[in-house]
Amino acid sequence: MFTGIITGLGRIVAIQSLGSSSDHGKRLTIEAPAGYLDDVGLGDSIALNGACMTATTLDLPLNRFTIDISAESLAKTTGLAETGTVNLEKALRAHDRLGGHIVSGHVDGIGRVTHFAEVGESWELRILAPRELGKYLAYKGSITVNGVSLTVNRVTDLDDGTELSINLIPHTVQNTALGRLAAGSQVNLEIDLIARYVERMLGDTHNNTLKKP
């Protein structure tokens with residue numbers, strides 16, 4: 001589990017194919033900030049742009065680690081198939097502060113940035129989410145964008161999906177990879193875990209009611 005509070009900016013520096021066909025995944029080498037891996041062990045979970053991955057090798061002198069990502073995960077996420085900057089978060093420990101919200105590290109869909117511009121001292125980020133995620137998005141609700149826990153300020157249902165508006169403070173822009181976004185960028189989205197369970201429970205209640213004689 002994670003909180004959506006980014007603890008470091010990493011960089012994918014190498015990508016190695018794990019096979020010759022499209023059914024094979026990739027091995028990514030990620031360079032982390034100095035000292036970031038000091039408390040990380042083999043097999044530990046680290047979220048890359050919001051996708052939970054497992055550290056398969058560690059190179060502490062070079063501040064690097066590798067992860068193996070399947071073809072399925074590559075198809076369901078964005079930003080992990082090419083070199084570049086990624087948001088990093090280590091798995092939540094029982095005694096840590098829950099500064100964001102409960103995040104599983106499982107990407108629910110890929111959104112597209114429709115607008116990203118400075119407004120006063122902050123930035124407005126608008127994202128078009130897939131239609132099927134629209135029912136989980138609510139005013140003042142939580143959403144994870146490329147691993148960052150954020151609050152939804154506005155929700156607008158459109159013909160081609162649901163557009164959500166988010167306000168980013170300067171600290172978030174400066175200390176995460178979100179500051180590198182632009183209109184047209186794709187982002188990993190994870191809906192609020194509570195919304196997922198509420199939808200399931202309401203669905204079961206509705207189904208049970210229909211089955212009663």
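These figures come from a predicted structure and were not determined experimentally. By convention here, each chain's residues receive numbers from 1 onward along its written sequence. Two thresholds apply to this predicted model, a pLDDT of at least 70 for residue-level local features and 80 or more for giving and counting side-chain atom pairs, whereas whole-chain, interface and lining totals are computed over all residues. With hydrogens and water stripped out, all remaining heavy atoms of the structure feed into the side-chain values.

*Asks:* So what exactly am I meant to see when it comes to the overall build of the chain here?
*Replies:* Put simply, DSSP H or I for four residues or longer makes a helix, DSSP E for two residues or longer makes a strand, and each gets a number counted from the N terminus. A tally of helices and strands in the chain yields 3 helices and 13 strands. For 213 residues, the compact-globule estimate of 2.2 N^0.38 gives 17 Å, and the C-alpha radius of gyration of the chain, at 18 Å, lies within 12% of that figure. Seen through its principal axes, the chain has C-alpha atoms that stretch 65 × 50 × 40 Å. Here the chain holds 213 residues, and 40% of them are scored as buried. Any pair of residues with heavy atoms lying within 4.5 Å of one another is described as a contacting pair. The contacts in the chain between residues at least 6 apart in sequence include a share of 68% that link residues at least 24 apart. For the purpose of counting charges, residues Lys and Arg are taken to be positive, whereas Asp and Glu are taken to be negative. His and the chain ends are not included. The atoms used to mark charge sites are NZ of Lys, CZ of Arg, CG of Asp and CD of Glu. Averaging the positions of the 19 positive and the 24 negative side-chain charges in the chain gives two centres separated by 3 Å. When we talk radius of gyration, it's over C-alpha atoms, and the globule rule is simply 2.2 Å times the number of residues to the 0.38. Residue burial is assigned from relative accessible area. The probe radius is 1.4 Å, only protein chains are included, and a residue is buried under 20% of its type maximum, exposed over 50%, and partly exposed in between.

*Asks:* Can you help me understand the packing of aromatic side chains in this one?
*Replies:* Here the distance between the centres and the angle between the planes together describe a pair of aromatic rings. Side-chain rings of Phe, Tyr and Trp, where Trp is taken by its six-membered ring, are said to pair if the distance between their centres is within 6.5 Å; with planes under 30 degrees apart they count as stacked, over 60 as edge-to-face, and otherwise as tilted. Across all of its chains, the model carries 1 aromatic pair by this definition. Only lysine NZ and arginine CZ atoms are considered, and such an atom sits over a ring when it is within 6 Å of the ring centre and within 35 degrees of the ring normal. Taking the ring centre of Tyr36 as reference, the NZ or CZ of Lys90 above it sits at 4.3 Å.

*Asks:* Could you clarify how one ought to interpret the pairing of strand β6 (residues 64–69) in this entry?
*Replies:* Here is the key point about a regular strand: its side chains alternate between the two faces of the sheet. Of the strand pairs in this sheet, strand β2 (residues 26–31) and β6 are connected by 6 bridges, and their pairing is antiparallel. What sits directly across from Arg27, in β6, is Asp68. A pair of strands is treated as paired once DSSP finds two or more bridges between them. Pairing of strand β5 (residues 57–59) with β6 involves 3 bridges; the strand directions are antiparallel. Looking at β6, one finds that Asp59 is bridged to Arg64. Between β5 and β6, which pair antiparallel in sequence order, lie 4 residues; one of them, Asn63, sits at a positive phi of approximately 55°.

*Asks:* Whenever I open this one, the nonpolar core confuses me. Can you help?
*Replies:* General note: in soluble globular proteins, nonpolar side chains tend to be found buried as a group. We define a nonpolar core as any set of buried Ala, Val, Leu, Ile, Met, Phe, Trp, Tyr and Cys residues linked to one another through side-chain atoms lying within 4.5 Å. Residues Ile127, Ile143, Val145 and Ile166 are the most contacted members of the largest nonpolar core, which totals 23 residues. Secondary structure elements with two or more residues in this core: β8 (109–119), β9 (122–129), β10 (142–145), β11 (148–158), β12 (161–168) and β13 (186–191). Contact partners of Ile127, with chain neighbours within four places excluded, come to Gly111, Arg112, Val113, Thr114, Val145, Thr162, Glu163, Leu164, Ile166, Val187 and Leu189.

*Asks:* Looking at this structure, how should I read the sheet that holds β13?
*Replies:* Sheets are built from strands paired through backbone hydrogen bonds, the pairs being either parallel or antiparallel. The strand order around the closed barrel built from 6 strands is β8-β9-β12-β11-β10-β13, with neighbouring strands paired in antiparallel fashion. Recorded for the sheet is a direction-independent mean angle of 45° between the axes of neighbouring strands. Bridge count for β9 against β12 is 7 bridges, and the pairing is antiparallel. Across the sheet, the residue bridging to Arg126 is Ser165, located in β12. Fitted lines through C-alpha atoms serve as axes, helices being fitted only where they are in contact, and the angles separating the N-to-C directions of these axes extend from 0 to 180 degrees.

*Asks:* Even after reading the chapter, I still don't get the sheet that holds β2, so can you show me in this structure?
*Replies:* Reading across the sheet, the 7 strands line up as β4-β3-β7-β1-β2-β6-β5 and stay open at both edges, with antiparallel pairing between neighbours. Each edge of the open sheet carries a strand with a single partner, namely β4 (51–54) and β5. The average angle at which neighbouring strand axes cross in this sheet is 35°, direction not considered.

*Asks:* Sorry, what's going on with a nonpolar patch on the surface here?
*Replies:* Residues qualify for a patch when their relative accessible area is over 30% and they have no salt bridge, like charges being joined within 9 Å and the nonpolar side chains of Val, Leu, Ile, Met, Phe, Trp and Tyr within 5 Å. Each accessible area is a Shrake-Rupley result for a 1.4 Å probe, and residues are judged covered by the shown protein chains and nothing else. The term salt bridge refers to a pairing of a side-chain nitrogen on Lys or Arg with a carboxyl oxygen on Asp or Glu at a separation within 4 Å. Residues Ile194, Tyr197, Val198, Met201 and Leu202 make up a contiguous nonpolar surface patch of about 550 Å² in total accessible area. Accessibility expressed as a relative area gives 52% for Tyr197, which makes it exposed.

*Asks:* So what exactly am I meant to see when it comes to the pattern of salt bridges here?
*Replies:* Think of it this way: side chains of opposite charge can pair up when their charged atoms draw near. Enumeration according to the criterion identifies 9 salt bridges in this entry. Between Arg27 and Asp68 there is a salt bridge, with the nearest N and O atoms lying 2.7 Å from each other. In this pair, Arg27 sits in strand β2 while Asp68 sits in strand β6, placing the two residues 41 residues apart along the sequence. Since its relative accessible area comes to 31%, Arg27 is described here as partly exposed. Among the residues examined, Asp68 registers a relative accessible area of 32% and is labelled partly exposed. Between Glu31 and Arg64 there is a salt bridge, and its shortest N-O distance comes to 3.4 Å. Linking Glu31 in strand β2 with Arg64 in strand β6, this pair joins segments that are 33 residues apart in sequence. Sharing partners across several salt bridges, the network here consists of Asp39, Lys90, Arg93 and Asp96.

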